[in-house]
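# Secondary and tertiary structure notes
Given next are the chains, with one letter for each unit.
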Amino acid sequence: MGLRNNGLIKKEQIRVKGKFAMGTMALLATALIRRWMGTLHYRCHYEDPTVDPVHANYRGPKIFVFWHENILFPLHIRGRSCTSMLLSRHWDADILDRVAGMMGFGTVRGSSFNGGTVALRELTLHAKHSNLAITPDGPRGPRRQLAPGCIYLAGTLGIPIVAMGCGYDRPWRMKTWDQFAIPRPGSRARAIVSRAIAIPPNLDRKGVEWHRQGLERLLSKLSEDAEAWARSGAHVVGEQPLRREPSRDASRNILLEPRKAVELDDELSRLQCNAA
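Cut-offs applied
- Residues numbered from 1 in each chain as written.
- Predicted model: local features only at pLDDT ≥ 70, side-chain atom pairs only at ≥ 80, totals over all residues.
- Heavy atoms only, no water.
- Salt bridge = Lys/Arg side-chain N within 4 Å of Asp/Glu carboxyl O.
- Helix = DSSP H or I, 4+ residues; strand = E, 2+ residues; numbered from the N terminus.
- Buried < 20%, exposed > 50% of the residue type's maximum accessible area, 1.4 Å probe, protein only.
- Core = buried A, V, L, I, M, F, W, Y, C linked by side-chain atoms within 4.5 Å.
- Contact = heavy atoms within 4.5 Å.
- Phe/Tyr/Trp six-rings, centres within 6.5 Å; stacked < 30°, edge-to-face > 60°.
- Lys NZ or Arg CZ within 6 Å of the ring centre and 35° of its normal.

### Quick word on the pattern of salt bridges
One pass over the structure, following the stated rule, counts 19 salt bridges. Among the salt bridges present, the one from D97 reaches R109, with a minimum N-O distance of 3.0 Å. Of this pair, D97 sits in helix α3 (residues 94-102) while R109 sits in strand β4 (residues 106-109); the two residues are 12 residues apart in sequence, bridging distant segments of the chain. For R109, a relative accessible area of 17% puts it in the buried group. The structure contains a network of salt bridges with shared partners spanning E69, R143, R144, R173 and E227.

### Details of the nonpolar core
By size, the foremost hydrophobic cluster in this structure holds 36 residues, and its most contacted members are Y42, F73, L75, M85 and Y168. Sorting the residues of this core by element identifies α1 (2-37), β1 (41-46), α2 (72-77), β3 (83-87), α3, β6 (161-168) and β9 (188-193) as the ones contributing at least two each. Not counting chain neighbours up to four residues away, the residues in contact with Y168 comprise M37, L40, N70, L72, F73, A181, P183, R188, A189, E227 and A230. Listed in part, the 32 residues of the second largest apolar core include I63, W67, C150 and V262.

### Things to note about the packing of aromatic side chains
Evaluated as defined, the whole model comprises three aromatic pairs. When the ring of W36 is compared with that of W172, the centres are 6.4 Å apart and the planes differ by 65°; the resulting orientation is edge-to-face. Linking W36 in helix α1 with W172 in strand β7 (residues 172-173), this pair joins segments that are 136 residues apart in sequence. W36 gets classed as partly exposed once you look at its relative accessible area, which sits at 31%. Given a relative accessible area of 38%, W172 falls into the partly exposed group. Across from the ring centre of W229, 5.4 Å away, lies the NZ or CZ of R190, which sits over that ring.

The following block contains the structure:
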């Protein structure tokens, strides 16, 4: 009995030490991200500025999608904007879970519905009082290939999708599946954001795949354009400065009647990225 109790005590001590170490690493990572990302020069182009949660005329919840490699961008810029982020259940997302919380995001653990019934249920609950943020090529890729989870979710919940293309000026790239982007200190950071896109409910398999392919093309187009803009340093008509700021009214505005969203085909046509 004594040996068994000693074994349980040791396991508990290891667990406590592990939690303490993870908490310490999360604190350090949060401080580093804020300091590092705070050196960048941010600009953004919106076709509709009211899709930004910090805008005074923001209305109704949204599902924000961006590629996994660029997660640092929204993590730094739009914390405390009443947004919950979908993170994987893999152990390597444990620290990111804590960092996201410290940066002002809610979190839901699960994958893009590969066995993610629990995640879907939690996201449904979160969507009643917050925006959702999803990296549709995560957590394991392939890179910039959009999984259908966000299409199902938007159609089921009746919440529009906003695609957010991000880019940095010649960032360093990690040797990971997503070629994770680490911006150079003091460099340019650019974002190009779509209008709110409505996804019809009750899509059949063919309809889901059409929307999946279309949203993938749209997000890739926005990301590539944002990267080219960041590299060039050019002035873009309609660009706006972007800074890290919380939303004072997001929790209230999410409950208001949303503005009419556009169809995906309209947004693809506007950006001239329809299928050949």
